[in-house]
Amino acid sequence: MGRHKVTCAERKRAEKEARKLLQSRRFFNKFLHAIRKSGLVGEEQKALALLIVVVSRILDRPLNAFVKGHSSAGKNFLVKQVIRLMPKSEVVEITSASAKAWNYSESDFQHRVVYLQERS
C-alpha cells in the first residue's frame, strides 16, 4: 500500500485549516462531536482529559495519564478514539515490551504520544 505524498499546497491548506480550528471558540465542542461520531458515548470528560495530555506532548514537561477501569470497560477504545485524531507520525503504539527494551530502543519518543496498551 503506497503512501500519499503531500504537496506543498496541501500542507499549507491543512495548516491553515488547523490554525482556524485551534483558534475556534468551539474547538472542544468540535472535538467532542468527532469523538461521539466515532462511537464513543458517555466518556466525554475522560476524552477531554486525554486530549489535554496528548496535546501536552509538545511541551518540555508533557503530562501523562493512566487509564484505569474494569475489564472490558472500553479503555483501549477510549484512548484509540482520541489518538486517531492526532497525526500518525506523532503516535507510537506499543503492544508489549520488556523492561530492558526501553534501554536499547533507538526510537525517538520526544514530543510523541507513547501509548502502551494494557496487558491481557
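What counts as what
Residues numbered from 1 in each chain as written. Predicted model: local features only at pLDDT ≥ 70, side-chain atom pairs only at ≥ 80, totals over all residues. Heavy atoms only, no water. Helix = DSSP H or I, 4+ residues; strand = E, 2+ residues; numbered from the N terminus. Buried < 20%, exposed > 50% of the residue type's maximum accessible area, 1.4 Å probe, protein only. Contact = heavy atoms within 4.5 Å. Areas by Shrake-Rupley, 256 points an atom, 1.4 Å probe, with all protein chains shown as cover. Lys, Arg positive; Asp, Glu negative; His and termini not counted. Charge placed at Lys NZ, Arg CZ, Asp CG, Glu CD. Pairing = 2+ DSSP bridges. Salt bridge = Lys/Arg side-chain N within 4 Å of Asp/Glu carboxyl O. Patch = residues over 30% accessible without salt bridge, like charges linked within 9 Å, V, L, I, M, F, W, Y side chains within 5 Å.

Engineer: Run through the overall build of the protein, naming residues and quoting values.
Structural biologist: Each helix and strand in the protein was counted, giving five helices and two strands. Along the chain direction, N to C, the helices and strands of the protein fall in the order α-α-α-α-β-α-β. Each principal axis of the C-alpha atoms in the protein carries an extent, and together these give about 45 × 35 × 35 Å. By residue count, 20% of the 120 residues in the protein fall in the buried class. Summarising the internal contacts of the protein: among those between residues at least 6 apart in sequence, 47% fall at separations of at least 24. Carbon and sulfur atoms form 53% of the exposed surface of the protein, whose accessible area is close to 10200 Å². In the protein, 24 side chains carry a positive charge and 11 a negative one; their mean positions are 5 Å apart.

Engineer: Talk me through the pairing of strand 2 (residues 113-116); I want residue IDs and the actual numbers.
Structural biologist: Here strand 2 shows a clear split, with Val113 and Tyr115 buried on one side and none of Val114 and Leu116 buried on the other. The pairing of strand 1 (residues 91-94) with strand 2 spans four bridges and is classified as parallel. Bridged to Val92 within strand 2 is Val114.

Engineer: Lay out the pattern of salt bridges with the relevant residues and their values.
Structural biologist: Counting across every chain of the model gives four salt bridges. Linking Glu44 and Arg36 is a salt bridge whose minimum nitrogen-to-oxygen distance equals 3.2 Å. Classification of Arg36 by relative accessible area gives partly exposed; the value is 44%.

Engineer: So what's going on with a nonpolar patch on the surface? Residues and values would help.
Structural biologist: Together, Phe28, Ile52 and Leu63 make up an exposed nonpolar region whose accessible area comes to about 280 Å². Checked against the element boundaries, Ile52 lands in helix 3 (residues 44-55).

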